[in-house]
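# Remarks on the overall topology
Listed below are the residues making up each chain.
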Amino acid sequence: MKASIFVLMDALGWEWIKEHPFLKEVAPYRRPLDSVLGFSTAAIPSILTGRFPQEHGRLSLFHRANGHSPFSKLKLICAMPPWMVENRYARFGVKTLARRMNNLSGYFQLYGVPLKYLPKLDVCEKRNIYAPGGIPGSTSIFDLLHDGGKSYKTYCYHEGTDDQLLASIETDLRAGAAKFYFLYLAELDYFLHLHADDRAAAAETLQKYSDKLARLHKIAVETYGAADIHVFGDHGMAPTVATIDIQAKLAELPVTASVDYLCLLDSTMARFWFFSARARELVSAALNEVDGGKWLDADDLIKLHSFFPDGKYGEKIFLTESGTVIAPSHMGVQAMAGMHGFLPSAPHSRSAFVSSIDYGDSINQITDVFGVMKAHV
């Protein structure tokens with residue numbers, strides 16, 4: 001029996017490995033992959049289902065609630081004066097209660113989204129996407145494995161740190177526990193957010209992962225006699241070169257957030273819902289004057305396979321240029337050293353695909369990885 005190992009490394013970008021000997025001895029075949037608009041919330045489901053955001057329904061963690069919000073029963077707490085509830089203890093309580101009351105098992109963080117916004121919002125990742133049924137409305141690789149009665153193992157942050165997951169899969173490989181292995185490693189993303197301005201440190205970290213993954217492949221070959229390994233990212237990571245203070249621009253306007261419009265600032269995207277034509281006009285004009293970004297119109301979103309006719313992810317979306325970060329934002333007060341979530345066509349937005357098998361030019365986008373995995377089911 002041959003083992004197939006699939007490793008999703010968050011933020012494994014082509015620009016970071018194209019000149020790095022990452023896993024070259026084990027997986028010499030490599031190529032860049034175009035990602036999708038948005039963050040991991042959009043990109044990982046695209047990998048797991050082979051579908052684009054407008055098809056699997058996910059673009060960003062929060063979207064406008066259509067009727068029910070998981071925070072509806074907490075609206076009295078969320079409506080309390082910020083000086084009373086905008087602290088880590090109250091926010092932790094709201095997050096914990098919302099998770100328990102709504103049975104949320106997927107990735108779920110409040111980040112810096114004001115509590116008063118939450119009853120107007122919903123979260124798209126309600127279930128664990130690394131399990132069967134995790135992406136309702138789409139068939140994921142885990143649905144195929146489960147429905148086909150295949151022998152497989154999955155490992156993700158729900159079970160521990162990257163090192164703990166690597167130890168777990170090593171134990172299972174030695175035991176010959178399955179034929180299909182899927183490992184999600186999340187910590188490179190965090191490292192590059194902090195150190196994208198230090199290529200030497202990034203190269204050292206990549207080498208550590210390379211050594212550990214080569215070890216897994218070696219163990220698999222020893223156990224099974226033969227093994228394939230595929231390592232790929234969901235997006236890249238661009239070094240931060242500039243920042244935009246959109247909050248300051250909005251504060252100058254004679255309209256008020258949460259009263260005249262709702263705005264979510266996602267590091268690279270400012271997403272708006274308007275409660276009046278006047279607010280739409282004023283906000284649109286103000287951001288037209290901002291250098292380092294642009295409004296995405298319907299044609300742009302259609303080309304990016306990220307168009308939602310109901311505007312659930314934003315009636316209007318302002319996207320920054322690659323390397324330009326919105327700061328402060330609801331994802332953080334200060335800009336990190338690296339960020340992703342820019343146009344997929346930007347060089348640093350591309351992810352990487354590294355494999356022990358030569359697929360030629362048949363693998364071009366992250367959605368193509370699903371077909372590779374499906375062929376090994």
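Residues numbered from 1 in each chain as written. Predicted model: local features only at pLDDT ≥ 70, side-chain atom pairs only at ≥ 80, totals over all residues. Heavy atoms only, no water.

### Concerning empty space enclosed by the protein
Vacant regions in the atomic arrangement are exposed by a probe of water-molecule size rolled over the atoms. Across all of its chains, the model carries one cavity of 30 Å³ or more by this definition. Here the largest cavity defines a volume of roughly 40 Å³. What lines the largest cavity is simply Ser35, Val36, Gly38, His235, Gly341, Phe342, Pro344 and Ser349. When grouped by side-chain class, the residues that make up the lining of the largest cavity number three nonpolar, five polar and no charged. (1 Å grid on protein atoms, 1.4 Å probe; cavity = no way out; pocket = protein on both sides within 12 Å on 5 of 7 lines; lining within 4 Å. Points joined across faces, edges and corners; volume = space filled by probe spheres on them. Nonpolar A, V, L, I, M, F, W, Y, C, P; charged D, E, K, R; others polar.)

### Topic: the layout of surface pockets
The space that makes up the largest pocket amounts to roughly 1,000 Å³. Lining the largest pocket are 41 residues, with Tyr107, Tyr111, Asp189, His193 and Met331 sitting closest to its centre. Every element with two or more residues in the lining of the largest pocket is listed here: helix H2 (40-49), helix H9 (187-195) and strand E14 (324-326). The greatest single-element share of the lining of the largest pocket, amounting to four residues, is contributed by H9. Forming the boundary of the second largest pocket are 22 residues, of which Pro114, Lys116, Tyr117, Ala257 and His330 lie nearest the centre. If you list the elements that add at least two residues to the lining of the second largest pocket, you get helix H5 (82-85), helix H11 (246-251) and strand E10 (261-265). (Helix = DSSP H or I, 4+ residues; strand = E, 2+ residues; numbered from the N terminus.)

### Concerning helix H6 (residues 88-102)
Helix length check: H6 (15 residues) gives 21 Å between terminal C-alpha atoms against 21 Å at 1.5 Å per residue, within 8%. The complete set of buried residues in H6 reads Arg91, Val94, Lys95, Thr96 and Ala98. Of the residues flanking the start of H6, the one acting as N-cap is Asn87, its side-chain oxygen 3.1 Å from the backbone nitrogen of Tyr89. Backbone geometry just after H6 places Asn103 at a positive phi near 60°. (Expected span 1.5 Å × (residues − 1). Buried < 20%, exposed > 50% of the residue type's maximum accessible area, 1.4 Å probe, protein only. Polar contact = N/O pair within 3.5 Å; in protein donor to acceptor, adjacent residues only side chain to side chain.)

### With respect to unusual backbone geometry
Residue Pro328 is bonded to the preceding Ala327 through a cis peptide linkage, with omega at 0°. One non-glycine residue, Leu23, lies in positive phi territory at about 60°. As for its position among the elements, Leu23 is in the loop between helix H1 (14-17) and strand E2 (29-33). On the basis of relative accessibility, which here comes to 3%, the residue Leu23 falls in the buried class. Despite not being glycine, His305 has its phi angle at roughly 55°, a positive value.

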